[in-house]
Amino acid sequence: MDKDLFNRRVSVITGDITRLEVDAIVNAANHSLMGGGGVDGAIHRAAGSELKQACQRLRDTDWPDGLPDGEVALTDGFNLPARYVIHTVGPVYAKTKDKSHLLANCYRNALALADKHDCRSIAFPAISTGVYGYPFDEAAHIVIDTLEEALDAHDLQVTLCFFSDRDQQAFEAIAEQRA
Ligand code: AR6
C-alpha cells in the first residue's frame, strides 16, 4: 500500500529504502559514520565499499569528532539507485535530554541539505525508532510536526519508508487522527 499525505507531498510506503529511486535517501547512522546494523548496515551493503570510504573522508575533513545528533552529512549513493545518501544521527531515546528537538533536526536538516543539492525527492527511514529506542508514536508526531513546518520552505517530494506494514499503519493512523 502506498498512501499520500500533505497534499501528495509525502508518500508513506513499506519497503527497503535501499531500493528506492529517489534523489536522496536518509541514513539513520551513528556518530562514527562507519556503518552499523539496521538501515545503516543495509545502506552500506547496498551502496558498496565506496560509501564507507566517502564517510571516512567526511570524518577526516568535516567531522573529525564524529557527526553529532541531529546533524547531516552528504555522500554519493554509489551502487544505490539513489544519487545521494544523507547521513544523520538520531538521538538515543534513553540517553538524550533534548531528544524531540534533535529528532526534528534530523528531518529538518536533511530536507535543507537535499534542497541545497537540487534534489527533488527524498526518502526517510523511521530514524531512531529501532536500536535507538524512540517510541514509534512519539517519533511519528515529531515527524509530522517537522514536515508540516519544513515542507513550506522546500520543494521536495518526501517518502517515509517504513520497514513493516505495522509501522506504516501506525503512522497513517496518527496522521489521520491529526488531519
Ligand atoms: N529500509 C527501511 N527501513 C529499515 C531498513 C531498510 N532496509 N532496515 C531497517 N529499517 P535502526 P536507529 C528500519 O535501528 O534506531 C544502526 O546500527 C527499522 O525497522 O536502523 O536510528 C546505526 O549504525 C527501524 O524502523 O536505526 C546506529 O548505531 C528504522 O529503520 C543505530 O542503528 C530505524 O532503525 C541507529 O538506530
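Conventions we followed
Residues numbered from 1 in each chain as written. Predicted model: local features only at pLDDT ≥ 70, side-chain atom pairs only at ≥ 80, totals over all residues. Heavy atoms only, no water. Buried < 20%, exposed > 50% of the residue type's maximum accessible area, 1.4 Å probe, protein only. Helix = DSSP H or I, 4+ residues; strand = E, 2+ residues; numbered from the N terminus. Pairing = 2+ DSSP bridges. Right-handed = clockwise from strand over helix to strand, strands pointing away. Contact = heavy atoms within 4.5 Å. Axes fitted to C-alpha atoms, helices over the stretch in contact; angles between N-to-C directions. Parallel < 35°, antiparallel > 145°, perpendicular 65-115°, else oblique. Left-handed = near helix turned anticlockwise from the far one by under 90°. Nonpolar A, V, L, I, M, F, W, Y, C, P; charged D, E, K, R; others polar.

*Asks:* Residues and numbers for the pairing of strand β6 (residues 121–124), please.
*Replies:* Side chains Ser121 and Ala123 project from β6 onto one buried face, and the interleaved Ile122 and Phe124 project onto a second face that is buried too. Across 2 bridges, the pairing between strand β3 (residues 24–28) and β6 is parallel. Of the residues in β6, the one forming a bridge with Ala24 is Ile122. Where β6 meets strand β7 (residues 157–162), 4 bridges bridge the pair, whose relative direction is parallel. Within the sheet, the bridge partner assigned to Ser121 lies in β7 and is Gln157. Since β6 and β7 lie parallel, the crossover through helix α4 (residues 136–150) that links them has a hand, and here it is right-handed.

*Asks:* Describe the environment of Ile144, and please don't skip the residues or the numbers.
*Replies:* By the element assignment, Ile144 lies in helix α4. Since its relative accessible area comes to 3%, Ile144 is described here as buried. With 40 residues separating them in the primary sequence, Ile144 and Ala104 have C-alpha atoms 9.5 Å apart. Filtering out sequence-adjacent residues up to four positions away, Ile144 remains in contact with Phe6, Phe171, Ile174, Ala175 and Arg178.

*Asks:* Run through the packing of helix α3 (residues 99–116) against α4, naming residues and quoting values.
*Replies:* Two numbers describe how α3 lies on α4: the axes approach to 9 Å, and their chain directions differ by 40 degrees. If you check the angle between α3 and α4, you find them oblique. The chirality of how α3 crosses α4 is right-handed. Contacts between α3 and α4 involve Ser100, Leu103, Ala104, Tyr107, Arg108 and Leu111 from the former and Ala139, Ile142, Val143, Thr146, Leu147, Glu149 and Ala150 from the latter. For the contact of α3 with α4, the per-class residue count stands at 9 nonpolar, 2 polar and 2 charged.

Any functional reading would require information beyond the geometric quantities listed.
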